Amino acid sequence: MPKTFDEPFFDKKDIDLDDACAQSAIDQDYYFAILEEQEIKEMAKNKKVSPIGVEFKPPQHTDKELVPESLADVMFSKICFDPEAALKSAAHESWLLDDLLPAKGIAFIYGPPGSYKSFIALDMAAAITSGAGWHGYECEMQGACLYIAAEGSRGLMERIVAWEKHYNRSRGPLAVMTIPVMMDDVVAVRAFTECLEKASEALNQPIRLVVIDTMARSFSGDENSAQEVGAFVNACTRFSVDIGDCLVMVVAHTGKDLSRGMRGSSALDGAADCHFLVTKPNLGQALVKNTKQKDIEMAEPMRFAMEPVSTGILDRKGRIRRSLVPILESKGEQADPDAEDDMTAFDHKDANILLGLVKAADRANEKITEDELRIKFIDCMQNSQNKKPE
């Protein structure tokens, strides 16, 4: 029989990790709880979280559910013996928004303050929960969304009502969480996973999308630390898998230099399945550029007009509350006539050339400015185009 938490297992000073591993062969959930308890204690030493009041309940299983699986078994299950079959299977996977937002993984919508990026994130979310699609991109998997409004929920509520008024359509199962969730806090992530399961039951639909708005309000670590950012990414991946595959969309910020992409460690870019840069070319306009797609071509730029829409709700002084709804104006070259000069608009080949230049400078311990990098990049592109095939 599996151990129960009535036994003072965690209080033993001579705890042996090998014994814990052996115990996990009987009940893996129990082993994971041991590791999590140790992680909490370690974080408590660093004054990041406090284990006070944290209570772990023993897992409830039937004998048929207790299926031992070693780490070697897990690794073996991830070996691909037939790449062609795996590719065919991947080709038939569904998307939330066709060839734009995958059905699982991590996506980022980032931009400078005041660039309307949260409006774009909500517009995408409502396109999925309503099943209406997003400005020409078909919704392949309609489902529920939990939107974490870490930077103010009232404004988001107004945006949702304005969206419904403008399109004369229900938003569908789109729920809003009015408090932030610290994604680098193991206790908070565990509680949030349980919260998602309850939300799915309340909505009577699987949760297909979780929006974290913003990362800055949902992360207490050093955003320039690859290790601490990695903990944020791992937490997002963990709860998305635990509740069933879903996409986690993170709203993030840029630094002062837009060409450097998202603010913080490059680990964010590496973890992203896709990301979108949102800028404000003019007052009341939002320009959305797809700056990464892991396995397909990037989508063309899109320019939106931010249209004021009445919510039909009066405030305490009898004034009508209004919000903004993104209305598509143009796509492609018309949306972004300066795309040729945009250092963020690369395809995969261009990105590999740029990455090679940066790595070469790093190996040689050379400092390279953005202007020097641009000149070298253009030279490489011209040489590549002028090179005759053998």
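Residues numbered from 1 in each chain as written. Predicted model: local features only at pLDDT ≥ 70, side-chain atom pairs only at ≥ 80, totals over all residues. Heavy atoms only, no water.

## Observations regarding the overall build of the protein chain
Secondary structure assignment for the protein chain yields 11 helices and 11 strands. Scored against the burial criterion, the 390 residues of the protein chain give a buried share of 39%. For the protein chain, the proportion of contacts with a sequence separation of at least 24, taken over those separated by at least 6, is 66%. Accessible surface, the protein chain: about 22,700 Å² in total, of which carbon and sulfur atoms supply 50%. (Helix = DSSP H or I, 4+ residues; strand = E, 2+ residues; numbered from the N terminus. Buried < 20%, exposed > 50% of the residue type's maximum accessible area, 1.4 Å probe, protein only. Contact = heavy atoms within 4.5 Å. Areas by Shrake-Rupley, 256 points an atom, 1.4 Å probe, with all protein chains shown as cover.)

## Description of the sheet that holds strand 4 (residues 144–149)
Spatial strand order, 5-4-6-7-3-8-9-10-11: nine strands in an open sheet with mixed pairing. Looking at the sheet topology across the chains shown, the edges are occupied by strand 5 (174–177) and strand 11 (320–331). Strand-to-strand, the axes of this sheet are offset by a mean angle of 25 degrees, without reference to chain direction. As paired strands, strand 8 (residues 274–279) and strand 9 (residues 285–293) are joined by six bridges and run antiparallel to one another. Looking at the pairing, H275 lines up with K292 of strand 9. Sitting on the sheet, helix 7 (residues 186–203) touches strand 4, strand 5 and strand 6 (207–213), and the angle it makes with strand 6 is about 130 degrees. Lying on the sheet, helix 8 (residues 226–242) is in contact with strand 3 (105–111), strand 6 and strand 7 (247–253); it crosses strand 7 at an angle near 155 degrees. (Pairing = 2+ DSSP bridges. Axes fitted to C-alpha atoms, helices over the stretch in contact; angles between N-to-C directions.)

## Topic: helix 8
For helix 8, built from 17 residues, the straight-helix expectation of 24 Å at 1.5 Å per residue is met to within 8% by its first-to-last C-alpha distance of 24 Å. Buried within helix 8 are the following residues: V229, G230, F232, V233, A235, C236, F239 and S240. Contact partners of the buried residues in helix 8: strand 3, helix 7, strand 6, strand 7 and helix 9 (267–271). Downstream of helix 8 by one or two residues, G244 has phi in the positive range, about 105 degrees. (Expected span 1.5 Å × (residues − 1).)

## So, the pairing of strand 4
With six of six residues buried, strand 4 is to be regarded as a mostly interior element. Of the two faces of strand 4, the one lined by A144, L146 and I148 and the one lined by C145, Y147 and A149 are each fully buried. With six bridges joining them, strand 4 and strand 6 adopt parallel strand pairing. By the bridge assignment for strand 6, Y147 is matched with V211. Bridging between strand 4 and strand 5 involves four bridges; their strand directions are parallel. Bridge pairing links L146 to A175 in strand 5. Between strand 4 and its parallel partner strand 5, the chain crosses via helix 6 (residues 153–167), and the hand of that crossover is right-handed. (Right-handed = clockwise from strand over helix to strand, strands pointing away.)

## Considering the environment of L122
Assignment of secondary structure puts L122 in helix 5 (residues 117–129). Taking relative accessible area as the criterion, L122 reaches 4% and is therefore assigned buried. For the pair formed by L122 and R159, sequence separation is 37 residues and the distance between their alpha carbons is 8.0 Å. Those residues in contact with L122 that sit more than four places away from it in its chain are Y147, L156, R159, I160 and L174.

## Let's talk about the confidence of the model for the protein chain
Residues of the protein chain with pLDDT of at least 70 account for 72%, and the chain-wide mean is 79. Within the protein chain, no element has a lower average pLDDT than helix 1 (residues 17–24), which sits at 48, and none a higher one than helix 5, at 97. Between residues 48–68, whose pLDDT stays under 50, and residues either more than four places distant or in other chains, the model counts 31 contacts. Every residue in residues 341–348 scores below 50 in pLDDT, and together they form 19 contacts with partners more than four places removed in sequence or on other chains. (pLDDT = per-residue confidence, 0-100.)

## A word on the packing of helix 7 against helix 8
At a minimum axis separation of 10 Å, helix 7 and helix 8 run at an interaxial angle of 30 degrees. On the basis of their axis angle, the class for helix 7 and helix 8 is roughly parallel. By crossing handedness, the relation of helix 7 to helix 8 is classed as right-handed. From helix 7, V189, F192, T193, L196 and E197 reach across to helix 8, where they touch A235, F239 and D242. Taken together, the residues of the contact of helix 7 with helix 8 break down into five nonpolar, one polar and two charged. (Parallel < 35°, antiparallel > 145°, perpendicular 65-115°, else oblique. Left-handed = near helix turned anticlockwise from the far one by under 90°. Nonpolar A, V, L, I, M, F, W, Y, C, P; charged D, E, K, R; others polar.)

## Focus: the packing of helix 5 against helix 6
Geometrically, a packed helix pair is captured by the angle between its two axes and the distance between the axes. Where helix 5 contacts helix 6, the two axes come as close as 11 Å, and the packing angle between them is 55 degrees. By the angle class used here, helix 5 and helix 6 are oblique. Helix 5 and helix 6 meet at a crossing whose hand is right-handed. Of the residues in helix 6, those in contact with S118, F119, L122, D123, A126 and A127 of helix 5 are L156, R159, I160, W163 and Y167. Residues that form the contact of helix 5 with helix 6 fall into these classes: eight nonpolar, one polar and two charged.

## Details of the nonpolar core
Formed by 45 residues in total, the largest nonpolar core has its most connected members in L101, I120, W134 and L209. Of the residues forming this core, the biggest block, nine residues, is contributed by helix 5. Setting aside residues up to four positions removed in sequence, I120 forms contacts with I109, W134, V278, A286, V288, F304 and P326. (Core = buried A, V, L, I, M, F, W, Y, C linked by side-chain atoms within 4.5 Å.)

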